[in-house]
Amino acid sequence: GDNQISRLPSNLFKNTVLLKQLHSASNEIRFLPDPDLLASLSELTELSISNNQLETIPRGFFRNNIELKELYLSYNRIQFLEADLFSTLTKLKKLWINSNNLQTLPVGLFHNTIELDFLDLSRNQLTNIDVGVFRGEIQEVNIAENCFSDESSVLTSGFIGNIKKYVYFIQD
């Protein structure tokens, strides 16, 4: 990180197969040009593209990263996520997507992330979380500093039933 990289060439990881961790955080990456950028990285277990200037993640971007366990997407400008973005990430355990510009989460977004036990959605623009976003249970979710009208709107949305231990929702 901290290299001021603004773009990643499409063939950057073409012949890289055994890479387990990739940290491209704290750069100036605005967009990911090719959904196949990480396709050869089938052994990747940890990916950080936090603290860049990403506004979106291409559909199918993580489709071959089936071993991914930790994913850091925080401190970007992400506004929207495709419903099937994480569909192949069945081993994902921890996801940081805090400090972005998310206003909504699509139904089904976390249906296949059956191992997910920590999710940080804090510091976004979320106003509601539909119960259909999740399937199964998650240990811990941070939804602090979003745009919920009040705690009761979060509590009555139904998604809380999927949380085993902690939900953080401190409002200003």
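Described below are features of the structure shown in this document. The model shown is predicted, which means the values in this text are computed figures rather than measured ones.

Some details on the overall build of the protein chain
And step 1. Check the secondary structure of the protein chain and you find one helix and seven strands.
And step 2. Going from N to C terminus, the protein chain has its helices and strands arranged as β-β-β-β-β-β-α-β.
And step 3. Expressed as a percentage of its 172 residues, the buried residues of the protein chain come to 45%.
And step 4. Nonlocal contacts in the protein chain, meaning residues at least 24 apart in sequence, comprise 56% of its contacts between residues at least 6 apart.
And step 5. Surface exposure of the protein chain reaches about 8500 Å², of which carbon and sulfur atoms provide 47%.

Points about the nonpolar core
And step 1. Phe 62 and Phe 86 are the most contacted members of the largest nonpolar core, which totals 41 residues.
And step 2. For Phe 62, the contacting residues outside a window of four places in its chain are Leu 47, Ile 57, Leu 68, Leu 71, Leu 73, Leu 85, Phe 86, Thr 88 and Leu 89.

Remarks on the pattern of salt bridges
And step 1. In this structure the tally under the stated criterion is eight salt bridges.
And step 2. Between Glu 43 and Lys 20 there is a salt bridge, with the nearest N and O atoms lying 3.7 Å from each other. Taken as a pair, Glu 43 in the loop between strand 1 (21–23) and strand 2 (46–48) and Lys 20 in the segment before strand 1 lie far apart in primary sequence, 23 residues in all.
And step 3. A residue is classified by how much of its surface remains accessible, and Glu 43, at 30% relative accessible area, is partly exposed.
And step 4. In this structure, Asp 84 engages Arg 59 in a salt bridge whose closest nitrogen and oxygen atoms are separated by 3.4 Å. Taken as a pair, Asp 84 in the loop between strand 3 (70–72) and strand 4 (94–96) and Arg 59 in the loop between strand 2 and strand 3 lie far apart in primary sequence, 25 residues in all.

Section: the side chain of Gln 53
And step 1. Examined against the element boundaries, Gln 53 turns out to sit in the loop between strand 2 and strand 3.
And step 2. Residue Gln 53 is classed as buried on the basis of its relative accessible area of 17%.
And step 3. Those residues within four positions of Gln 53 in sequence are excluded, and the remaining contacts are Glu 28, Ile 29, Arg 30, Asn 76 and Arg 77.

Here's the deal with the environment of Leu 81
And step 1. With respect to the secondary-structure elements, Leu 81 resides in the loop between strand 3 and strand 4.
And step 2. Here the alpha-carbon distance between Leu 81 and Leu 105, two residues 24 residues apart in the chain, equals 6.9 Å.
And step 3. Once residues lying within four places of it in the same chain are set aside, the contact partners of Leu 81 are Phe 86, Ile 97, Leu 102, Leu 105, Pro 106 and Leu 109.

Thoughts on the side chain of Ser 122
And step 1. Checked against the element boundaries, Ser 122 lands in the loop between strand 5 (118–120) and strand 6 (138–142).
And step 2. With relative accessibility at 4%, the residue Ser 122 sits in the buried group.
And step 3. Residues contacting Ser 122, with those up to four places away along its chain left out, are Asn 98, Ser 99, Asn 142, Ile 143, Ala 144 and Asn 146.

Cut-offs applied
- Residues numbered from 1 in each chain as written.
- Predicted model: local features only at pLDDT ≥ 70, side-chain atom pairs only at ≥ 80, totals over all residues.
- Heavy atoms only, no water.
- Helix = DSSP H or I, 4+ residues; strand = E, 2+ residues; numbered from the N terminus.
- Buried < 20%, exposed > 50% of the residue type's maximum accessible area, 1.4 Å probe, protein only.
- Contact = heavy atoms within 4.5 Å.
- Areas by Shrake-Rupley, 256 points an atom, 1.4 Å probe, with all protein chains shown as cover.
- Core = buried A, V, L, I, M, F, W, Y, C linked by side-chain atoms within 4.5 Å.
- Salt bridge = Lys/Arg side-chain N within 4 Å of Asp/Glu carboxyl O.

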